[in-house]
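Notes for the structure review
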Amino acid sequence: QVQLAESGGGLVQVGGSLRLSCAASGNSLRFYDMAWYRQAPGKQRELVARITKYGNVDYADSVKGRATISRDNAKNTVDLQMNVLKPEDTAVYYCNGENYGSEYWGQGTQVTVSS
């Protein structure tokens, strides 16, 4: 199994930037499809960005052009760079990994964008 831990969240101003990091331990992420999700209070958890084991990326429409997901298998990390942050980006952001039909989640990191 793999353990995931997010970091990099915090309070930022509208228009600011944030880089979230997901560090894995216990297993290599080489064969994992990775993703960032977010969940705002009272709302369903939603996909923000994903990057497959092959390096293919997808983004939610709400963050296209503002977010970049990347992975470094050597460092066993997955990052989410977010720019031009909006209040709507406020949520707890979760790192997700999938392999062999199993999903793994980090505990989340809070992102708050103030207007």
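Scroll up for the structure.
The sections below set out a description of the structure shown in this document. (Residues numbered from 1 in each chain as written. Predicted model: local features only at pLDDT ≥ 70, side-chain atom pairs only at ≥ 80, totals over all residues. Heavy atoms only, no water.)

Some points on the state of the cysteines
Within the structure shown, the criterion is met by one disulfide. Through a disulfide, Cys-22 is tied to Cys-95; the S-S separation comes to 2.0 Å. Sign of the S-S torsion, about -80 degrees for the bond between Cys-22 and Cys-95, identifies this disulfide as left-handed. Taken together, the residues Cys-22 in strand S3 (residues 18-25) and Cys-95 in strand S9 (residues 91-99) connect sequence positions 73 residues apart. Across the pair, Cys-95 and Cys-22 agree in class, each one buried. (Disulfide = S-S within 2.5 Å. Helix = DSSP H or I, 4+ residues; strand = E, 2+ residues; numbered from the N terminus. Buried < 20%, exposed > 50% of the residue type's maximum accessible area, 1.4 Å probe, protein only.)

Some points on the sheet that holds strand S7 (residues 67-72)
Spatially, S1-S3-S8-S7 is the arrangement adopted by the four strands of the open sheet, whose pairing is antiparallel. A single partner strand is all that each edge strand has here, and the edge strands are strand S1 (3-7) and S7. On average, each strand axis in the sheet is tilted by 15 degrees relative to the strand beside it, whichever way the strands run. In terms of strand pairing, S1 meets S3 through five bridges, oriented antiparallel. Along S3, the bridge assignment pairs Ala-5 with Ala-23. (Pairing = 2+ DSSP bridges. Axes fitted to C-alpha atoms, helices over the stretch in contact; angles between N-to-C directions.)

Side note on the environment of Val-57
Relative to the helices and strands, Val-57 is located in strand S6 (residues 57-59). The partly exposed category is assigned to Val-57, whose relative accessible area is 36%. Along the backbone, Val-57 and Ala-35 are 22 residues apart, and their C-alpha atoms lie at a distance of 9.2 Å. Each residue touching Val-57, except ones within four places of it in the same chain, is listed here: Arg-50, Ile-51 and Ile-69. (Contact = heavy atoms within 4.5 Å.)

Let's talk about the packing of aromatic side chains
Applying the stated criterion across every chain, the model contains three aromatic pairs. With a centroid separation of 6.1 Å and 55 degrees between ring planes, the pair formed by Tyr-32 and Tyr-104 is classed as tilted. Of the two residues, Tyr-32 sits in the loop between S3 and strand S4 (33-39) while Tyr-104 sits in strand S10 (residues 102-105), which places them 72 residues apart along the sequence. Ring geometry for Tyr-94 and Trp-105: centres 6.4 Å apart, planes at 85 degrees, overall edge-to-face. Taken as a pair, Tyr-94 in strand S9 and Trp-105 in strand S10 lie far apart in primary sequence, 11 residues in all. (Phe/Tyr/Trp six-rings, centres within 6.5 Å; stacked < 30°, edge-to-face > 60°.)

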